[in-house]
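# Descriptive structure summary
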Amino acid sequence: MARELHDHYFREAKREGYLSRAAYKLIEIDTRKGLLRRGDCVLDCGAAPGSWLQVASKRVGPHGLVVGIDRRPIDHVFELDNVRCVHADLEEVETEELLGYLSDDNTPGPSSAASSGPASGKRFDVILSDMAPDTSGDHTADHFASARLCHAVLDRCGDLLVEGGRLAMKVLEGESYAELLARCRMLFEKVKGFVPKASRHKSTEIYVIAWGFRGRGAAEADLAGRAAVQPPLPPRPRSTGWTT
Ligand SMILES: C[S@@+](CC[C@H](N)C(=O)[O-])C[C@H]1O[C@@H](n2cnc3c(N)ncnc32)[C@H](O)[C@@H]1O
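Residues numbered from 1 in each chain as written. Predicted model: local features only at pLDDT ≥ 70, side-chain atom pairs only at ≥ 80, totals over all residues. Heavy atoms only, no water.

### Observations concerning the overall build of the chain
Rules: The secondary structure listing takes helices from DSSP runs of H or I that are at least 4 residues long and strands from runs of E that are at least 2 residues long, numbered from the N terminus. Only protein chains enter the accessibility calculation, which uses a 1.4 Å probe; a residue is then buried when its area is under 20% of its type maximum, exposed when over 50%, and partly exposed in between. Any pair of residues with heavy atoms lying within 4.5 Å of one another is described as a contacting pair. The Shrake-Rupley method, run with a 1.4 Å probe, gives the accessible areas here. Residue values count only the displayed protein chains as cover.
Counting secondary structure elements, the chain contains 9 helices and 7 strands. Counting every position in the chain, which comprises 244 residues, the buried fraction comes to 53%. Taking as baseline every contact in the chain between residues at least 6 positions apart, the subset at least 24 positions apart corresponds to 64%. Counting every atom, the chain has about 11800 Å² of accessible surface; 53% of that belongs to carbon and sulfur.

Quick look at the structure:
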């Protein structure tokens, strides 16, 4: 266990000042798959403790912006002044609050909603999600909890992601993975699954990478189709913790 926790990526993260070894997953995803561009506005879902924020902040540069949201607080002081942190649950946070960070003064909430709400057309260029459910140890239950988080991200794409935008999100592989990919293909022009080297050997995690978001119309049609056939989401599983 100690050897697993203090592996190569863990030691590299300590040495390079990253908040978690997960940084190397995003570095590899971006280097191999080309997600982040200078000047991008990025939404990072499940951002605590903040290593993806560190990576994305450097990659989008001082003219870009990275907004991280997590149920846990993020108290790190980032090197560049282009990171904003939201302490909230993605399944509950108001769209206006997130889009508020795209207003000229970066101020979330109702005051900036008029210049940055869904109607204003300002959206994120990229959505990242490294969200992990509180694992139960039951592989099937954990897979469905993880897939649920991915569907929550896809539900928000129409409001939050620019047409042509990109997405990378983690899912624990399992029986509904094919359905998740199929939904992504309805919403994006190109979709691939990718397992970074930094993912732990025993982990079932896989990152779905998608390019070319088809836009609000496609998202609305997708949501309407799902509402017609899907039962409501089941309650959330009980929590026991997570690892990166
Ligand atoms: C593996 S960690 C993310 C590590 C992060 N990418 C980094 O590099 O530091 C997963 C995170 O997802 C968060 N999370 C899980 N469900 C969430 C939800 N519904 N809304 C917001 N955050 C959530 C957890 O609180 C946890 O901090």
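Having put the structure on the table, let's press on.
### Quick word on unusual backbone geometry
Note that the residue after alanine 48, namely proline 49, is joined by a cis bond; omega there is 0°. Counting through the fold element by element, proline 49 comes out in the loop between strand S1 (41-45) and helix H4 (51-60).

### Topic: the site of the ligand
Put simply, the rule is: Neighbouring residues are identified by heavy atoms, a residue being near a molecule or strand if any of them is within 4 Å of it. Residues are grouped as follows: Ala, Val, Leu, Ile, Met, Phe, Trp, Tyr, Cys and Pro are nonpolar; Asp, Glu, Lys and Arg are charged; all remaining types, including Gly, are polar.
Near the ligand there are 21 residues, and of these Ser51, Asp70, Asp89, Leu90 and Asp130 occur at the shortest range. For the shell around the ligand, a count of residues per class yields 11 nonpolar, 4 polar and 6 charged.

### Points about the environment of glutamate 91
Stated precisely, the cut-off is as follows: Polar contacts here mean pairs of N or O atoms no more than 3.5 Å apart (in protein, one a potential hydrogen donor and the other a potential acceptor; neighbouring residues in sequence count only if both atoms are side-chain atoms).
Looking at the secondary structure, you find glutamate 91 in the loop between strand S3 (83-87) and helix H5 (95-100). Separated by 58 residues in sequence, glutamate 91 and leucine 149 place their C-alpha atoms 8.1 Å apart. There is a polar contact of 3.0 Å between the side chain of glutamate 91 and the side chain of arginine 148.

### Let's talk about the pattern of salt bridges
Two side chains bearing opposite charge may form a pair once their charged atoms approach each other closely. Heads up, the condition is: A carboxyl oxygen of Asp or Glu within 4 Å of a side-chain nitrogen of Lys or Arg is what we treat as a salt bridge.
Evaluated as defined, the whole model comprises 16 salt bridges. Of the charged contacts, one joins aspartate 40 and arginine 166 as a salt bridge, the two residues approaching to 3.0 Å between their closest N and O atoms. Of this pair, aspartate 40 sits in the loop between helix H3 (23-33) and S1 while arginine 166 sits in strand S5 (residues 161-172); the two residues are 126 residues apart in sequence, bridging distant segments of the chain. Grouping residues by exposure puts aspartate 40 and arginine 166 together as buried. Ionic pairing is found between aspartate 155 and arginine 183, a salt bridge with its closest N-O pair at 2.8 Å. Here arginine 183 lies in helix H8 (residues 177-187) and aspartate 155 lies in helix H7 (residues 139-160), a separation of 28 residues in the sequence. Judged by its relative accessible area of 4%, arginine 183 falls in the buried class. Among the charged side chains, a salt-bridge network with shared partners connects Lys25, Asp130, Lys170 and Glu205.

### What to know about H8
Spacing of three or four residues puts side chains on the same side of an α-helix, whose turn is 3.6 residues. For the record, the criterion: Comment: arc refers to directions from the helix axis out to C-beta atoms.
Those residues of H8 that sit buried are Tyr177, Leu180, Leu181, Arg183, Cys184 and Leu187. In an axial view of H8, the angular spread of the buried residues amounts to 160°, which keeps them on one side of the axis. Exposed residues pointing more than 90 degrees away from the buried face of H8 are listed as Ala178 and Met186. In the core, the buried residues of H8 are packed alongside H7, S5, strand S6 (188-194), strand S7 (205-213) and helix H9 (216-229).

### Re the pairing of strand S4 (residues 124-129)
Test applied: By definition, two strands form a pair when at least two bridges between them are found by DSSP. Throughout, right-handed denotes a crossover for which the path from the first strand over the helix to the second runs clockwise when the strands point away from the viewer.
Of all 6 residues that make up S4, 6 are buried, and the element is covered over most of its length. Judged from the 4 bridges that link them, S1 and S4 form a sheet pairing that is parallel. Note that in S4 the partner of leucine 43 across the bridge is isoleucine 127. Taken together, the 5 bridges between S4 and S5 define a ladder with parallel strand orientation. From the neighbouring strand, serine 129 faces S5, where its bridge partner is methionine 169. In this region the chain leaves S4, passes through H7 and returns to the parallel neighbour S5; the handedness of that crossover is right-handed.

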